[in-house]
Amino acid sequence: MPRVISNETLGCPPIRALTFDSLGLIKVTEARGKERGTPTVVNSWGEMNASRSVLASSMDDSLTNPLLAVARKDGNVEVINPCNGVLHFAYSVFGDDGSAPEDDEVSGLHLFRKKKDDHLERSCTLLTCMKKRDVSLRTVQFPDAGTDSTDDSALPKTWKACGSGELLVGKVDGTENYGLFGGKRVEVNIWDLEQCIKIWSAKSPPKDNLGIFTPTWFTCAAFMSDDDHRKFVTGTKSHQVRLYDVSAQRRPVLSFDFHETAITAISEDPDGHTVYVGNASADLAAFDIRTGKLLGSFLGKCSGSIRSVVRHPHHPVIASCGLDRYLRVYDVKTRQLLSAVFLKQHLTGLVFDSGFSGEEIAVANTVVEAETEETMEQEGNEEEDEDEAEAPVKKKKSKKEKRSREKVSEGEEMDAIRSKKTRDHKKKTKKVKHTQQD
């Protein structure tokens, strides 16, 4: 069983998190019930294989027909059911032969949520970006959809996001109309996904006061709002957090350092101005991106590089995972550690299932508690009946007990007589004194 560290005074709200590791396993961790509880591992999908390590993931957690997409190290992209782990379909990003080019792998994946028509209910649209700068946008039909696979609309759209370097970051905004790409020696740029046209590209920051130019190396990025693609925040290998505003300028409008190691994970808050930053030295902190002010560091020191930080869309908690093999859940307001679950393998990412409420399980728990209370009451009634049945039986008293009780009663009578005599004697002496004085 996984080791679980929890704060009994706080606990976790009802959450469901899916984690991915370096051996290709997908593990489901849930905190059940309406009240705060302890998260536990309830499911584990897949077989351990290092060549099938999960590199990127994306989830459509809608209430009807939820889907989960994962990109593996061998180039396969799988779409599965996040409720039971059933595989819907899989395809290879390297083509039909499946032969992977040297040093090429998936670096970004996005499963579109809003591009589902009524007549295309059994299909989904996926965006994948490769380390060698290739970006692909394709719509895939489910095997049981019964449509013609030779349709032109099913053919993928592919383009080069940059001319050189390595593509390490690929993100899609909340409207799912724009994509952000960046990486090693690749400045961040924004593309219109409908027309496949680059609409904006960043400019490298100037040299520092010593005349040293820092090479471009973006490791993570996040849009600040679901409705606005113009503001986004990035993390770099040179431990910098940068805020970009497309409508203002091409260079960062704000930049600040966070410790001395690379920024490995970054996540935005729904309030639009708070970001959560994790780095390779296991530091996790919250910043106000409007001023660059450090709001505070999260308690409960990790021991390995943080690979993913995710903010829950409904509950005020964030989760992080990394090379220390722990899934940690923190409270956003107090920044205290609520729970930590040991998952055995090096973790590469996680996603939250926002449709999980835990109400059904909570109802089941209340039914079980009610049944246990009824059984306890029945046992108590049975014990009372047994006591009543045993009450009429009288035991014979031994002669010694009778004699001791008779002696005690005689002693009490003698004490009462003596106390009566002493009271009468005191009254007589008082009367004699009064008469002598008169």
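The rules we used
- Just so you know, the residues in each chain are numbered from 1, in the order the chain's sequence is written.
- Reporting of local features is limited, given that this is a predicted model, to residues whose pLDDT is at least 70; pairs of side-chain atoms are given and counted only at 80 or more, and all residues count toward the totals for whole chains, interfaces and linings.
- Note that the side-chain values use all heavy atoms of the structure and ignore hydrogens as well as water.
- The pairing criterion is simple: DSSP has to find at least two bridges between the two strands.
- The way it works is that DSSP assigns letters per residue, a run of H or I at least four long becomes a helix, a run of E at least two long becomes a strand, and they are numbered from the N terminus.
- Each axis is a line fitted through C-alpha atoms, taken for helices only over the stretch in contact, and angles between the N-to-C directions span 0 to 180 degrees.
- The pairing test for Phe, Tyr and Trp rings, Trp by its six-membered ring, is centres within 6.5 Å, and the orientation test on the planes gives stacked under 30 degrees, edge-to-face over 60, and tilted for anything in between.
- Exposed residues in this analysis have more than 50% of their type's maximum accessible area, buried residues have under 20%, and partly exposed residues fall in between, with area computed by a 1.4 Å probe over protein chains only.
- Working rule: Lys NZ or Arg CZ, within 6 Å of ring centre, within 35 degrees of ring normal, means a charge sits over the ring.

**Brief notes about the sheet that holds strand S5 (residues 54-60)**
One open sheet holds the 4 strands; their spatial order is S5-S6-S7-S8, and the pairing between them is antiparallel. Both outer strands of the open sheet, S5 and strand S8 (87-92), are each paired with one neighbouring strand and no more. The sheet shows a mean angle of 15 degrees between the axes of neighbouring strands, direction not considered. Where strand S6 (residues 67-72) meets strand S7 (residues 76-80), 4 bridges bridge the pair, whose relative direction is antiparallel. Looking across to S7, one finds that Ala-71 is bridged to Val-77.

**A closer look at the sheet that holds strand S10 (residues 123-130)**
Sheet architecture is open: 4 strands sit in the order S9-S10-S11-S12, paired in antiparallel fashion. Each having just a single partner strand, strand S9 (106-111) and strand S12 (157-160) make up the two edges of the open sheet. Shown here is a sheet whose adjacent strand axes are inclined to one another by a mean of 15 degrees, direction ignored. Pairing of S10 with strand S11 (residues 134-141), which is carried by 7 bridges, proceeds in the antiparallel orientation. Looking across to S11, one finds that Cys-129 is bridged to Val-135.

**Examining the packing of aromatic side chains**
For the coordinates displayed, the defined rule picks out 12 aromatic pairs. When the centroid spacing of 4.8 Å and the interplanar angle of 35 degrees are considered together, the rings of Phe-256 and Phe-287 count as tilted. With Phe-256 in strand S20 (residues 254-257) and Phe-287 in strand S23 (residues 284-288), this residue pair connects regions lying 31 residues apart in the sequence. Each member of the pair Phe-256 and Phe-287 is classed as buried. Geometrically, the ring pair formed by Phe-298 and Tyr-330 is edge-to-face, given 5.4 Å between the ring centres and 65 degrees between the ring planes. On the criterion of sequence distance, the pair formed by Phe-298 in the loop between strand S24 (293-297) and strand S25 (306-311) and Tyr-330 in strand S27 (residues 326-331) is long-range, its members being 32 residues apart. Like Phe-298, the residue Tyr-330 is buried in the burial classification. Connected via pairs of aromatic rings, a cluster forms that spans Trp-200, Phe-218, Phe-223, Phe-232 and Tyr-244. For the cation-ring pair, Lys-237 lies above Trp-217, with the distance from its terminal atom to the ring centre recorded as 5.1 Å. Directly above the aromatic system of Tyr-326 lies the positively charged group of Arg-328, at a separation of 4.9 Å from the ring centroid.

**A closer look at the pairing of strand S26 (residues 317-322)**
Of all 6 residues making up S26, 6 are buried, and the element is well covered by its neighbours. The side-chain alternation of S26 yields two buried faces, one formed by Val-317, Ala-319 and Cys-321 and the other by Ile-318, Ser-320 and Gly-322. In sequence, S25 turns back onto S26 through a hairpin of 5 residues. With 5 bridges joining them, S26 and S27 adopt antiparallel strand pairing. Along S27, the bridge assignment pairs Ala-319 with Val-329. Between S26 and S27, which pair antiparallel in sequence order, lie 3 residues; one of them, Arg-325, sits at a positive phi of approximately 70 degrees.

Any functional reading would require information that these geometric values do not contain.
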